[in-house]
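So the chains spell out like this:
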Amino acid sequence: MATDKSESLHLYKFLCQKIGSEQVVRVRRLTYTIGDIGNDSKFKQISSGSKGEGLKTKGSDLDLMYICSLIKVYESARDIVPSNMSYPLVMDTEDVSPCFTKLRLIFNDPNIYCKSIQKIVQIDSFGKYFFSNKLFKMSFLGPNLKIHGPCLSDHDDVVDIALVLQCNQWISPAQPWITRSRRTWPSPDIISKITSCGVLFVPVGYKGSVNEEEEWRISFSIAEKFLIFSFNHTQLLCYALLKIVLKEIVEKQEDLKGLLCSYFLKTLMFWIIEGSHTYTWRPDNIISCFKACLQRLIYCIQYSTLLHYFIPDNNLIYLRFNSLSKHKLISILDTLYQQRQGFHWLALSETLSDYPRLTNHSSINEHIMEFIETHKSLLFINEHKVLLCHMLHYSRTDLSVGLFTFFFANALKNFQERQQKPYKLNNKVQYYKYKHDLSHLLIGVQSDAVSGWMKLASYFYVQKNYKTALLLTDYSLWKCTDEKIDSSLVNNRFDKAKIYWNPNQEYVMKLTKHWKLYTVLKMLVVQCIKFTIESPFIPPELQMEVAKSSEEFPSNQFAHFLHFLCYFHLHDLTSCTYALHELEQSSLECNRIGTRISVMTFLGIAYQMMGETSLARHQFYLADHVRQTGALVLHV
């Protein structure tokens, strides 16, 4: 018994390193939750998929759902709440499979609706008008998008977006879920939160149905996210292990790909946890817990039965397997289940193949690069800085305060404001605008170690306050030391073994292992400096670079370039020449294509200003060559 507990604890600690500790999972979830804040009011964003759940393994995905607020779904006509902001549709579940519905126009005359709605309507043989899931998806198709099941995807299948509709009430087919017999999970509080969010409708019909294009799948994605977030960490790790088994062991067999999916495993976990005692899900019992999950999965496949968690009338895997695939699936899973000594099958998994080797347990600061990567992948709409400020005010934990502060500072640093023509502004308005811009940028310096200061320095440079810009640039260059983490170098790194720290970074990370995440982000991370189209803060010499699209520049090299510009306008030729030399030296350290292009552009502009036209032409030529070929070239 003691040996089993020891082995379970060893595995639990290993999984915390490879998949994420409780604190790291909280950071991931809160990061994506903040990412959901402040979208266009017409389309509310919901992040889901493995990443949205707080997991990160090989092949982890981020699914984005956008709720179309222009249309509201109701279960019956008597539930409709009149509104000038949305058009009503009513569920019609006659002659459809469980978990699916048709969406009928409340008025049997599509001409009452706007033209965009009329284009999505189909009429059935009884003269009723229904919302077509196919036409709905087609109405959002762009030149670089394609329909992929219920989603819209790019042609490389990198982006997967689902546009969905919502009913704000909990629907009748799922009503028995609220009161059915269960042990302790989910709690009454979780049930109350889930039912208050209603349900979603995904634009895809039941496969093979005669009305497939008119049907919509009833989705409980919001409810499922609440349930996943209520898992304790042992339960979450068991869920992650099931997903790893599926992706890295089962689906290595080509003929088994697509037979099981993550949604089936999630549903399986819901049923198992609902029927078990919470105290069994402990770190020192994780092996037994996972084996129980495997055993239940084998049972479900054996009898082709896995009921939908909210609407059990829907058997998710009915007629899904033929006898050959069923036998092969059960054989693989049973082999894993029957192993008596430890988890030797983990060697078959790419993510977990280094078990049982175990280094010291990771602190949250050692996952800083992963957080930066997550942050870079999110689309934040900076106009909603007021909402971020509101959420910051009501944050309850130190972690949420830190992350909201981080994103709030970034939002203010990168706030978009089009250049206003000076002749339209009187002195009073100009002064107000100056104070407004300066206050935003001063808060923005809290976003990281350097880029906020450089944005502020660039602002003073544009104001022709060269001496203040020089002071800020000197301060920024002083902070650009080699223990800082360059966020532009973080690129899809997950396995800690693949992250290489220089000796100074290793030393500093040990010193800061008890620091809060936001403190580390603010003190040790260096982001690129970003300028939007028509930004009033970009030096005039770089206006051409952002004439058509936003542009990012490496903070360190931008600081050297701004140093040069300030001295040039101050007519300090000696310091100007020295700053140019420093920029040339920094260019030799560039090993990234984007950085190399930026530095070549900086050098080209600097040489041109100094009258070195042949050197300027050469740098512009090299920048164009790298931009077109994607190949790094050595300076000649």
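Since this is a predicted model, take the numbers as computed values, not measurements.

Reading the values: rules and limits
Residues numbered from 1 in each chain as written. Predicted model: local features only at pLDDT ≥ 70, side-chain atom pairs only at ≥ 80, totals over all residues. Heavy atoms only, no water. Helix = DSSP H or I, 4+ residues; strand = E, 2+ residues; numbered from the N terminus. Buried < 20%, exposed > 50% of the residue type's maximum accessible area, 1.4 Å probe, protein only. Areas by Shrake-Rupley, 256 points an atom, 1.4 Å probe, with all protein chains shown as cover. Salt bridge = Lys/Arg side-chain N within 4 Å of Asp/Glu carboxyl O. Axes fitted to C-alpha atoms, helices over the stretch in contact; angles between N-to-C directions. Parallel < 35°, antiparallel > 145°, perpendicular 65-115°, else oblique. Left-handed = near helix turned anticlockwise from the far one by under 90°. Contact = heavy atoms within 4.5 Å. Nonpolar A, V, L, I, M, F, W, Y, C, P; charged D, E, K, R; others polar. pLDDT = per-residue confidence, 0-100. Phe/Tyr/Trp six-rings, centres within 6.5 Å; stacked < 30°, edge-to-face > 60°. Polar contact = N/O pair within 3.5 Å; in protein donor to acceptor, adjacent residues only side chain to side chain. Arc of directions from axis to C-beta. Patch = residues over 30% accessible without salt bridge, like charges linked within 9 Å, V, L, I, M, F, W, Y side chains within 5 Å. Pairing = 2+ DSSP bridges.

## Observations regarding the overall build of the chain
Okay, step 1: Looking only at helices and strands, the chain features 24 helices and 15 strands.
Okay, step 2: Scored against the burial criterion, the 636 residues of the chain give a buried share of 51%.
Okay, step 3: As displayed, the chain offers around 31,600 Å² of accessible surface, 55% of which is attributable to carbon and sulfur atoms.

## Quick look at the pattern of salt bridges
Okay, step 1: This structure, assessed with the given rule, holds 13 salt bridges.
Okay, step 2: A salt bridge links Asp 189 to Lys 193; the shortest N-O distance between them is 3.6 Å. Placement of the pair is Asp 189 and Lys 193 together in helix H7 (residues 188–196), with a separation of 4 residues, close to one helical turn.
Okay, step 3: When the shortest N-O distance is used, the salt bridge between Lys 266 and Glu 224 registers 3.9 Å. Within this pair, whereas Lys 266 is found in helix H10 (residues 262–274), its partner Glu 224 is found in helix H8 (residues 221–229), the two being separated by 42 residues in sequence.
Okay, step 4: For Lys 266, a relative accessible area of 13% gives the class buried.
Okay, step 5: If you follow the salt bridges from partner to partner, you end up with Glu 53, Glu 224, Lys 243 and Lys 266 in one network.

## Quick notes on unusual backbone geometry
Okay, step 1: A cis amide bond links Trp 185 with the next residue in sequence, Pro 186, at an omega value of -10 degrees.
Okay, step 2: Within the element layout of this structure, Pro 186 appears in the loop between helix H6 (175–179) and H7.
Okay, step 3: Of note, the phi angle at Leu 319 is positive, near 60 degrees, even though the residue is not glycine.
Okay, step 4: A relative accessible area of 68% places Leu 319 in the exposed class.

## Let's talk about the packing of helix H11 (residues 286–302) against helix H12 (residues 323–338)
Okay, step 1: Running from amino to carboxyl end, H11 crosses H12 at an angle of 165 degrees, the nearest separation of the two axes being 10 Å. When the axes of H11 and H12 are compared, the pair comes out roughly antiparallel. For the pair H11 and H12, the crossing hand works out as left-handed. Listed contacts from H12 to Lys 291, Leu 294, Gln 295, Leu 297, Ile 298, Ile 301 and Gln 302 of H11 are Lys 326, Leu 329, Ile 330, Leu 333, Asp 334, Leu 336 and Tyr 337.
Okay, step 2: Split by residue class, the contact of H11 with H12 holds 9 nonpolar, 2 polar and 3 charged.

## Some remarks on the confidence of the model for the chain
Okay, step 1: Averaged over every residue, the pLDDT of the chain is 82; residues scoring 70 or more account for 83%.
Okay, step 2: Note on residues 379–383: pLDDT is under 50 here. Beyond four places in sequence and across chains, it has 12 contacts.

## Examining the packing of aromatic side chains
Okay, step 1: Tallying each qualifying case throughout the model produces 34 aromatic pairs.
Okay, step 2: Geometrically, the ring pair formed by Phe 231 and Tyr 239 is edge-to-face, given 6.3 Å between the ring centres and 85 degrees between the ring planes.
Okay, step 3: For Tyr 239, a relative accessible area of 0% corresponds to the buried category.
Okay, step 4: Between Phe 231 and Phe 270, the ring centres sit 6.1 Å apart and the planes meet at 75 degrees, which makes this aromatic pair edge-to-face. Taken together, the positions of Phe 231 in the loop between H8 and helix H9 (233–248) and Phe 270 in helix H10 put the pair 39 residues apart, joining distant regions of the chain.
Okay, step 5: One aromatic cluster is present, formed by Trp 170, Trp 177, Trp 185, Phe 220, Phe 231, Tyr 239, Phe 270, Trp 271, Tyr 309 and Phe 310 through successive ring pairs.

## Description of the side chain of Ser 586
Okay, step 1: Relative to the helices and strands, Ser 586 resides in helix H22 (residues 573–588).
Okay, step 2: Polar side-chain contacts of Ser 586 include one of 2.8 Å to the backbone oxygen of Leu 583.
Okay, step 3: When neighbours within four sequence positions are excluded, Ser 586 is seen to be in contact with Gln 557 and His 560.

## Overview of helix H20 (residues 517–524)
Okay, step 1: Residues of H20 that are buried include every one of Leu 517, Tyr 518, Val 520, Leu 521 and Leu 524, and no others. When H20 is viewed along its axis, its buried side chains cluster within an angular range of 165 degrees and face the same direction.

## Description of the packing of H7 against H8
Okay, step 1: Running from N to C, H7 and H8 cross one another at 160 degrees; their axes reach a closest spacing of 9 Å. Taken together, the axes of H7 and H8 lie roughly antiparallel to each other. Taken as a pair, H7 and H8 cross one another with a handedness that is right-handed. Mapping the contact onto sequence places Ile 190, Lys 193 and Ile 194 in H7 and Ala 223, Phe 226 and Leu 227 in H8.
Okay, step 2: A class-by-class count of the residues in the contact of H7 with H8 yields 5 nonpolar, no polar and 1 charged.

## Focus on helix H19 (residues 503–511)
Okay, step 1: Regarding H19, the residues found buried are Gln 505, Val 508 and Met 509. Burial along H19 is one-sided: seen end-on, the buried residues are contained in an arc of 100 degrees. Among the exposed residues of H19, those pointing more than 90 degrees away from its buried face are Pro 503, Tyr 507, Lys 510 and Leu 511.

## Some details on the environment of Ile 191
Okay, step 1: Position of Ile 191 relative to the elements: it lies in helix H7.
Okay, step 2: On the basis of relative accessibility, which here comes to 10%, the residue Ile 191 falls in the buried class.
Okay, step 3: Put simply, Ile 191 and Leu 227 are 36 residues apart on the chain and 9.0 Å apart in space, counted from C-alpha to C-alpha.
Okay, step 4: Sequence-distant contacts of Ile 191, defined by excluding residues within four places in its chain, comprise Trp 177, Ile 178, Arg 182 and Pro 186.

## Here we look at the side chain of Ser 325
Okay, step 1: Checked against the element boundaries, Ser 325 lands in helix H12.
Okay, step 2: Since its relative accessible area comes to 9%, Ser 325 is described here as buried.
Okay, step 3: Leave out the neighbours within four places in its chain, and Ser 325 touches Leu 256 and Leu 259.

## Here we look at the environment of Ser 458
Okay, step 1: Looking at where Ser 458 falls in the secondary structure, it is placed in helix H17 (residues 451–462).
Okay, step 2: Residues Ser 458 and Cys 566 lie 108 residues apart in sequence; the distance between their C-alpha atoms is 9.9 Å.
Okay, step 3: Those residues in contact with Ser 458 that sit more than four places away from it in its chain are Phe 531, Phe 537, Ile 538, Pro 539, Phe 558 and Leu 562.

## Some thoughts on a nonpolar patch on the surface
Okay, step 1: Judged by side-chain polarity, Met 138, Leu 141, Leu 145 and Ile 147 come together as a nonpolar surface patch covering roughly 290 Å² of accessible area.
Okay, step 2: Inspection of the secondary structure puts Leu 145 in strand S7 (residues 145–148).

## Thoughts on the pairing of S7
Okay, step 1: Bridge analysis of S7 against strand S8 (residues 151–154) gives 4 bridges, and the strand direction is antiparallel. From the neighbouring strand, His 148 faces S8, where its bridge partner is Cys 151.
Okay, step 2: Counting the residues that bridge the hairpin from S7 to S8 gives 2 residues, and of these Gly 149 lies at a positive phi of roughly 65 degrees.

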